[in-house]
Amino acid sequence: RSGQTIELATNRSLDVLGRERAVGKSFDVAIPAWDPNEAYENRVIGTAALRSLDKKIVLQMTSFNPGWSMSDIQIGFDIYESLPPKEEK
């Protein structure tokens, strides 16, 4: 936690994860969907990026939504691929 990192298991191959890291793919860290009526956007507490694929997969938090920090993350939180940023018209 001192490096603001999260270790996780995945069924993705190291090749796929390596490509995702190379393009800078980011991931949303969200509280579990305990309330089915709560919007996804309200569950996201921050974003993370792939940092290490050596022997274990490590995500490093890159930002937190207001009121959230590393100490709030618990086992069982959800990790989702972030949507690409919307292009402004």
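Please read these numbers as outputs of a predicted model, since none were measured by experiment.

Draft legend 1. Broad picture of the side chain of Glu20. When you line up the elements, Glu20 lands in helix H1 (residues 14-22). Every residue in contact with Glu20, bar those within four places of it in the chain, is listed here: Arg12, Lys25, Phe27, Leu50 and Glu81.

Draft legend 2. Inspection of the sheet that holds strand E1 (residues 5-8) at higher detail. Read from one edge to the other, the open sheet built from 5 strands follows the order E1-E4-E3-E2-E5, with strand pairing classed as antiparallel. Bordering the open sheet on either side are E1 and strand E5 (78-81), each of which pairs with just one other strand. If you compare each strand with its neighbour and ignore which way they point, the axes differ by 40 degrees on average. With 6 bridges connecting them, strand E3 (residues 44-52) and strand E4 (residues 57-64) associate as antiparallel partners. Bridge pairing in E4 places Ser52 opposite Val58.

Draft legend 3. Main features of the confidence of the model for the protein chain. On average, the protein chain scores 85 in pLDDT, and the residues at 70 or more come to 91%. When pLDDT is averaged over each helix and strand of the protein chain, the minimum, 83, is found for H1 and the maximum, 93, for strand E2 (residues 26-30).

Draft legend 4. Main features of the nonpolar core. Counting 15 residues, the largest nonpolar core has Ile6, Val29, Leu50, Met61 and Ile73 as its most contacted members. Every element with two or more residues in this core is listed here: E2, E3 and E4.

Draft legend 5. Structural view of the side chain of Asp78. You can see Asp78 is positioned in strand E5. Among the polar contacts made by the side chain of Asp78, one reaches the side chain of Tyr80 at a distance of 3.2 Å. Dropping the residues within four chain positions of it, Asp78 is found in contact with Asp28, Val29, Ala30, Ile31, Pro32, Ala33 and Arg43.

Draft legend 6. Focus on the pattern of salt bridges. Following the criterion strictly, the structure yields 3 salt bridges and no others. One salt bridge connects Lys25 with Glu20, and the closest N-O pair in it is separated by 3.5 Å. For Lys25, a relative accessible area of 26% corresponds to the partly exposed category. Taking relative accessible area as the criterion, Glu20 reaches 8% and is therefore assigned buried. For Glu81, the salt bridge identified is with Lys25, shortest N-O distance 3.0 Å.

Definitions and limits used
Residues numbered from 1 in each chain as written. Predicted model: local features only at pLDDT ≥ 70, side-chain atom pairs only at ≥ 80, totals over all residues. Heavy atoms only, no water. Helix = DSSP H or I, 4+ residues; strand = E, 2+ residues; numbered from the N terminus. Contact = heavy atoms within 4.5 Å. Pairing = 2+ DSSP bridges. Axes fitted to C-alpha atoms, helices over the stretch in contact; angles between N-to-C directions. pLDDT = per-residue confidence, 0-100. Core = buried A, V, L, I, M, F, W, Y, C linked by side-chain atoms within 4.5 Å. Buried < 20%, exposed > 50% of the residue type's maximum accessible area, 1.4 Å probe, protein only. Polar contact = N/O pair within 3.5 Å; in protein donor to acceptor, adjacent residues only side chain to side chain. Salt bridge = Lys/Arg side-chain N within 4 Å of Asp/Glu carboxyl O.

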